[in-house]
Amino acid sequence: MSFRSSFAIAIKALRRHKLQTALTMLGMTIGVAAVLTMIALGAGAEAAIEQQVRAAGMNLIVVTAGNYKPKTEDDIGGVVDHQANLGSGDWGLGTANPRLGTGRRERSTPSLEPRVVLAAFHPENDPMEKHDHPIASQRLGDLEAGLGGAATLSADDAGAIRAIKGVQYVAEGVHQNAHVVAGARRWFTRLNGADQQLPLIRRAWSFERGRFFSAREQRNAAQVVVLGSVAARKLFDEADPVGQDLKIWNQPFRIIGVVTSTSWVVAPAAGDEQFDAVYVPFTTVHRLLNVSKLNDITITAASTGDVTRVAKDVTELLRARHGIDARRPDDFTVTTQARQALAKGGMRPEVARAVVGNVAGLEKVTLEQLAKTLDRASKTMTALLASIAGVSLLVGGIGIMNIMLLSVTERTREIGVRRAVGARARDVRRQFVAEAVTLSLAGGVAGVLLGVAASIGISGVLRWSTSISAGSVALSFGIAALVGIFFGWYPARQAARLDPIESLRYE
């Protein structure tokens, strides 16, 4: 008798006992659904953790205009004011950028005496300007935070950085504080003039609505704006703002998107600079404010292990472009995540710089340590979920064995008749194995459907990360077939060993 005939007979036999078959399949269905759901949860959790680590920006480098450092004691006990030593040698903080044509050219001279840092002249101080933005002395970034203190970073610098080997993405940045007006509502928030590649750098970002501005809109200095989720709620509550207009500096901007975070590492909060903020093309800020400087340039390295080298190459490139000789300090600051982590941990800034400068691949070492920790956590979680799924499958398999043994007892006379008309022991064994496998496969199909539905439901209701792949479905289905064969073999063997004469006498 062929396997095809065995399965046909098995299906007819199972149909005669529908309730018994359904209950047996239910155990297998639950077991397979548990396996698939556990695999989906485990893979989703692993992917989510990896995403969170990447969202933390381990390959991030930020170049900031100016070189603001705290006062530190030198080797002979004196106090050095590093702020007094800023500039590229072409102009100091108290003078305007001669390339902008807004002030006279002066040469900064090193001095150990503290001095008052004066804000450079900005064209938007002109009382005839049509904008309502704050004047230079009121803007965060001139006196308060130091951004813009050295107006030396430019879009050309960003273009040159893009050519450095190992650089993945580069985004120019111009930052201001601004009043954003939407109808009767007015919100004072952070305005970020950004590059269209910024969402590729901010891995934790996702768009609640709409999109980010395009390269074409950036080239054309279009008056389009993307709202951070916090700013969007302050201005529009829960309504969809995409397609509506608002005003910045009395200028109309069309809203094209709302950005938020899917990461617990970077969570939206009032007052932050990512989501309590609005984003416009940096070219638009340059056009409206009649400036050409950048406050910062954000860079990502293609490989985390190259962060230290890329940061060093960026420093050398900018010093050369800004004409800074070996005797003068940088007129910019290059910061990596590793340096920030060391500084936040209480290490003195100069020590942190020394560590970063002398430990090549520090970010790679940090990431490898994180990877090892995540790998151990992932293995623990996988073992736990596998144990739960294994128990479910074991229960389902025992259910199949019990039902098949009961079926052998109930069909003893049938087995005797089949043996009397010429069926061999292996034919009987094959038939009962086919019944067990049919039960398992049918339960497996139902279990796969239930597992997929459960995974989607968990992801939607509990907001847990799940990941269902074709491999996990195939694995669950294959396990169902193996369970059917394993737990069906013993009842099939018992049926095949029944004596035909005794079977015919069985009542």
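Above this text sits the structure in question.
Here the structure is a predicted model, which means the values were calculated and not measured.

*Asks:* What's the story with the overall build of the protein chain in this structure? I'm lost.
*Replies:* When its secondary structure is counted, the protein chain shows 15 helices and 12 strands. In the protein chain, the proportion of contacts linking residues at least 24 apart, taken out of those at least 6 apart, comes to 75%. Accessible area for the protein chain stands at about 25,100 Å²; split by element, carbon and sulfur atoms hold 58% of it.

*Asks:* Teacher, can you tell me more about the pattern of salt bridges here?
*Replies:* Two side chains carrying opposite charge are able to pair once their charged atoms lie near each other. Evaluated as defined, the whole model comprises 17 salt bridges. Notably, a salt bridge pairs Asp-195 with Arg-162, separated by 3.4 Å at the nearest N-O pair. With Asp-195 in the loop between β5 (185-194) and α4 (198-201) and Arg-162 in helix α3 (residues 155-162), the pair connects residues that are 33 residues apart, well separated along the chain. It is possible to trace a salt-bridge network through shared partners that takes in Arg-162, Glu-172 and Asp-195.

*Asks:* Help me understand the packing of helix α12 (residues 412-420) against helix α13 (residues 425-461) in this model?
*Replies:* Where α12 meets α13, the axes come as close as 10 Å, and the angle between the chain directions of the two elements is 140°. As summarised for this structure, α12 and α13 are arranged oblique, according to the angle between their axes. Two packed elements cross with a definite hand, and for α12 against α13 that hand is right-handed. Of the residues in α13, those touching α12 at Glu-414, Ile-415, Arg-418 and Arg-419 are Ala-425, Val-428, Gln-431 and Phe-432. Class assignment for the residues of the contact of α12 with α13 results in four nonpolar, one polar and three charged.

*Asks:* How should I be thinking about the packing of aromatic side chains in this particular structure?
*Replies:* The relation between two aromatic rings is expressed through the spacing of the ring centres and the mutual angle of the planes. Per the stated rule, a full pass over the model turns up seven aromatic pairs. Judged by centre distance (5.1 Å) and plane angle (65°), the ring pair of Trp-205 and Tyr-279 falls under edge-to-face. You can see Trp-205 sitting in strand β6 (residues 205-210) and its partner Tyr-279 sitting in strand β10 (residues 277-281), a full 74 residues away along the chain. In textbook terms, an aromatic cluster arises when at least three aromatic residues are bridged by ring pairs, as seen for Trp-205, Phe-207, Phe-212, Phe-213, Phe-275 and Tyr-279.

*Asks:* Where do I start with unusual backbone geometry in this structure?
*Replies:* Negative phi values dominate among residues other than glycine, just as trans dominates among peptide bonds. We note that Asp-237 has phi near 55°; this positive angle belongs to a residue other than glycine. Its place among the elements puts Asp-237 in the loop between α6 (229-236) and β8 (245-248). Classification of Asp-237 as partly exposed rests on a relative accessible area of 41%. Positive phi, normally seen in glycine, also occurs at Trp-249, with a value near 55°. Topologically, Trp-249 is positioned in the loop between β8 and β9 (251-261). Accessibility expressed as a relative area gives 3% for Trp-249, which makes it buried.

*Asks:* Teacher, can you tell me more about the nonpolar core here?
*Replies:* A general feature of soluble globular proteins is that nonpolar side chains tend to end up buried together. Among the nonpolar cores identified, the biggest contains 45 residues, and Leu-246 and Ile-248 are the most heavily contacted of them. It is strand β4 (residues 167-182) that contributes the most residues to this core, six residues altogether.

*Asks:* Would you mind showing me how to read helix α8 (residues 307-321) here?
*Replies:* Three- or four-residue spacings in an α-helix give side chains the same orientation, since the helix completes a turn every 3.6 residues. Taking 1.5 Å per residue as the helical rise, α8 with its 15 residues ought to reach 21 Å, and the 21 Å between its terminal C-alpha atoms agrees with that figure. Among the residues of α8, those classed as buried are Val-307, Thr-308, Val-310, Ala-311, Val-314, Thr-315, Leu-318 and Arg-319. End-on, the buried residues of α8 take up no more than an arc of 165°, which puts them together on one face. Across from the buried face of α8, at angles greater than 90 degrees, the exposed residues are Lys-312 and Ala-320. After α8 finishes, the residue Gly-323 shows a positive phi value of roughly 65°.

*Asks:* Help me understand the pairing of β9, please; the structure alone is not making it clear to me.
*Replies:* When a strand is regular, its side chains alternate between the sheet's two faces. Burial analysis of β9 places nine of its 11 residues in the buried class, which makes it a mostly covered element. Direction of pairing for strand β7 (residues 224-228) relative to β9: parallel, over a ladder of five bridges. Considered in β9, the bridge of Val-226 is made with Gly-257. The pairing of β8 with β9 spans four bridges and is classified as antiparallel. Following the sheet pairing, Leu-246 is matched in β9 by Phe-253. The antiparallel hairpin formed by β8 and β9 contains two residues in its connecting segment, where Trp-249 sits at a positive phi of about 55°.

*Asks:* Explain the pairing of strand β12 (residues 332-336) to me, please; I cannot follow it from the model alone.
*Replies:* The element β12 is extensively covered by neighbouring structure, given that four of its five residues are classed as buried. Sheet analysis places strand β1 (residues 60-65) next to β12, joined by five bridges and oriented antiparallel. Directly across from Ile-61, in β12, lies its bridge partner Thr-336.

*Asks:* What's the story with the environment of Leu-449 in this structure? I'm lost.
*Replies:* The topology assignment puts Leu-449 in helix α13. Taking C-alpha positions, Leu-449 is 9.5 Å from Leu-36, a pair spaced 413 residues apart along the chain.

*Asks:* Explain the packing of α3 against α8 to me, please; I cannot follow it from the model alone.
*Replies:* When two helices pack together, you describe them by how their axes are tilted relative to each other and by the distance separating the axes. Taken N-terminus to C-terminus, the directions of α3 and α8 make an angle of 140°; their axes are 10 Å apart at the nearest point. It follows that α3 is oblique to α8 by the angle criterion. In this structure, α3 crosses over α8, and the sense of that crossing is right-handed. Taking contact as the criterion, the partners of Asp-156, Asp-157, Ala-160 and Ile-161 in α3 are, on α8, Val-314, Leu-317, Leu-318 and Arg-321. Looking at the contact of α3 with α8 residue by residue, the classes come out as five nonpolar, no polar and three charged.

*Asks:* When you look at a nonpolar patch on the surface in this model, what are you seeing that I'm missing?
*Replies:* On the surface, Leu-19, Leu-23, Leu-26 and Ile-30 cluster together into a nonpolar patch covering about 420 Å² of accessible area. Take Leu-23: it is sitting in helix α2 (residues 18-55). By relative accessible area, which is 55% here, Leu-23 ends up exposed.

*Asks:* Can you walk me through the side chain of Thr-260 in this structure?
*Replies:* Locating Thr-260 in the fold gives a position in strand β9. The exposure class assigned to Thr-260 is buried, which follows from its relative accessible area of 10%. Beyond its immediate stretch of four places on either side in the chain, Thr-260 contacts Ala-204, Trp-205, Ser-206, Glu-208, Ser-229, Pro-268 and Phe-275.

Rules used in this analysis
- Residues numbered from 1 in each chain as written.
- Predicted model: local features only at pLDDT ≥ 70, side-chain atom pairs only at ≥ 80, totals over all residues.
- Heavy atoms only, no water.
- Helix = DSSP H or I, 4+ residues; strand = E, 2+ residues; numbered from the N terminus.
- Contact = heavy atoms within 4.5 Å.
- Areas by Shrake-Rupley, 256 points an atom, 1.4 Å probe, with all protein chains shown as cover.
- Salt bridge = Lys/Arg side-chain N within 4 Å of Asp/Glu carboxyl O.
- Axes fitted to C-alpha atoms, helices over the stretch in contact; angles between N-to-C directions.
- Parallel < 35°, antiparallel > 145°, perpendicular 65-115°, else oblique.
- Left-handed = near helix turned anticlockwise from the far one by under 90°.
- Nonpolar A, V, L, I, M, F, W, Y, C, P; charged D, E, K, R; others polar.
- Phe/Tyr/Trp six-rings, centres within 6.5 Å; stacked < 30°, edge-to-face > 60°.
- Buried < 20%, exposed > 50% of the residue type's maximum accessible area, 1.4 Å probe, protein only.
- Core = buried A, V, L, I, M, F, W, Y, C linked by side-chain atoms within 4.5 Å.
- Expected span 1.5 Å × (residues − 1).
- Arc of directions from axis to C-beta.
- Pairing = 2+ DSSP bridges.
- Patch = residues over 30% accessible without salt bridge, like charges linked within 9 Å, V, L, I, M, F, W, Y side chains within 5 Å.

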